[in-house]
Amino acid sequence: MTTANPPIAPVSVLRTLNLVTAQLDRVLSGLSAYSDADRALRQLAHELAAACALSADVAVASVLLNQIAGRYAVRHCVDTAVIACVVAQAMGRPPEEVLVIAAASLTMNVGMMRQIETFQNRSSALTPDEREIVRRHPSQSVALLREAGVTDEDWLVCVMHHHENDARSGCPEGRPENAISANARLIGLADRYCACVSARNYRRSMLPPVTLDILRRDAGHDPELTRHFLEQIGRYPPGTLVKLANGDTGVVTGRDALFVHTLRDAAGAPLSIVRYAEGRMHEICVALHEDEARLRFSMKTVWGQLAAL
C-alpha cells in the first residue's frame, strides 16, 4: 500500500517578500562582517525576482498594502526592487539583467540606512550636512559594496547612477543624459514612485494616480522609459483602494485587466464580489486612502495562497 504525498502548498509571494525584507535587513546591517555578501545579496535578488515573475499582481499590491513589514529604510529598497523588476520583466529584459536590477535596488541606499529612518520620521527640511549625506549616498553605497566583495560593475553602476537624471540635477555627479544607464533610470523611477506611495509619520501616502501624474510631468526622466513604466504599473495598480460608480468600494486585483474585488457596497454592507471595472455602473470613479475606504481585509482574502502570510 502506497501513501500519497501531501499536496504542496503554493508558494506565497507575500511571504517570500517579507522574508527577503527580514534577511536583507540582517545583511545590510552587518555588511562589513559578511564574508560572502555578494552571494547572499544575489540570492535575495533571485528570490525577489522569482516572486515577481510568479505573480506581479501580488508583488505590486504588497507595495501598497504591506507597509508595516520591516523597517522603512529596508522595506523601501524591497518595494523599489519589486516595481523595477515587474517593469523590467514586462519589457522582456533577460533574467540576468533583471537580477542586476533587483540586486542594485536592494542595495542602493546602504550608504545611508541609519539616516533614512531619521529623515522619514520628520517633516522639517534637511540640514546642509544631511543634504550632503543624501548627495553622497550613491558613491558611499558603492564603496561599501566593493568592500563587502561586490565586483559586478553593472550592479555598482546602477547604484551609483540611480539618482542621476536627464536634467543634470541628480547626484552624486549631475551626469549628462547620455551617461546614465537605462537600468539606473528604471531604478530611479521605481525609487521615486515607491517613496511617493509610502506613508510617512508626517503625511499620508500619495495615491497611485497622483504619483503617476507627478512622474509624467517630471522633465528629469527619460520620456520613453517613463511611458513604459506608466503602462506597466498602471493608473490603478493592484492594491489600490477604489470606489466604483455604483458606490461599491474595493481593491484593484490585476494590472492587465482592471478587476476590482469589491468588499463593501454603497450602503456600507460587506461584499465579496469581483467586478470588471468597465461600463457605467462599475467603472472606477476615484482612488481612496485607507481611512476613506474603511476596508479591513487580509491580502489572502483577495489573492488566495499567493498572498498568505
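In the block above lies the structure referred to throughout.
This is a predicted model, so every value here is computed, not measured.

> Can you help me understand the nonpolar core in this one?
A general trend in soluble globular proteins is that nonpolar side chains are found buried together. Among the nonpolar cores identified, the biggest contains 82 residues, and L48 and F229 are the most heavily contacted of them. Apart from the residues within four sequence positions on either side, L48 is in contact with L17, V20, V78, A81, V82, C85, A102 and L106. L207, V252, V260 and I284 belong to the second-largest nonpolar core, a separate cluster that totals nine residues.

> Quick question: what am I supposed to make of helix α10 (residues 208-217) here?
One turn of an α-helix holds 3.6 residues; hence residues three or four places apart share an orientation. Every buried residue belonging to α10 is among P208, P209, T211, L212, I214 and L215, and all of these are buried. On its buried side, α10 packs onto α3 (56-65), α9 (182-197), α11 (223-233) and β5 (284-288).

> Got a minute to help me understand the sheet that holds strand β4 (residues 270-276) in this structure?
Pairing within the open sheet is antiparallel, and its five strands lie in the order β4-β3-β2-β1-β5. Of all the strands in the sheet, the pair left with one neighbour each is β4 and β5. Neighbour to neighbour, the strand axes of the sheet diverge by 35 degrees on average, direction disregarded.

> Could you clarify how one ought to interpret the pattern of salt bridges in this entry?
Any two side chains of opposite charge can pair, given that their charged atoms come close. Inspection of the entire model under this criterion finds 15 salt bridges. Notably, a salt bridge pairs D213 with R235, separated by 3.1 Å at the nearest N-O pair. With D213 in helix α10 and R235 in the loop between α11 and β1 (241-244), the pair connects residues that are 22 residues apart, well separated along the chain. Residue D213 is classed as partly exposed on the basis of its relative accessible area, which comes to 23%. Residue R235 is classed as partly exposed on the basis of its relative accessible area of 37%. Among the salt bridges present, the one from E290 reaches R296, with a minimum N-O distance of 3.6 Å.

Calculation notes
- Residues numbered from 1 in each chain as written.
- Predicted model: local features only at pLDDT ≥ 70, side-chain atom pairs only at ≥ 80, totals over all residues.
- Heavy atoms only, no water.
- Core = buried A, V, L, I, M, F, W, Y, C linked by side-chain atoms within 4.5 Å.
- Buried < 20%, exposed > 50% of the residue type's maximum accessible area, 1.4 Å probe, protein only.
- Contact = heavy atoms within 4.5 Å.
- Helix = DSSP H or I, 4+ residues; strand = E, 2+ residues; numbered from the N terminus.
- Pairing = 2+ DSSP bridges.
- Axes fitted to C-alpha atoms, helices over the stretch in contact; angles between N-to-C directions.
- Salt bridge = Lys/Arg side-chain N within 4 Å of Asp/Glu carboxyl O.

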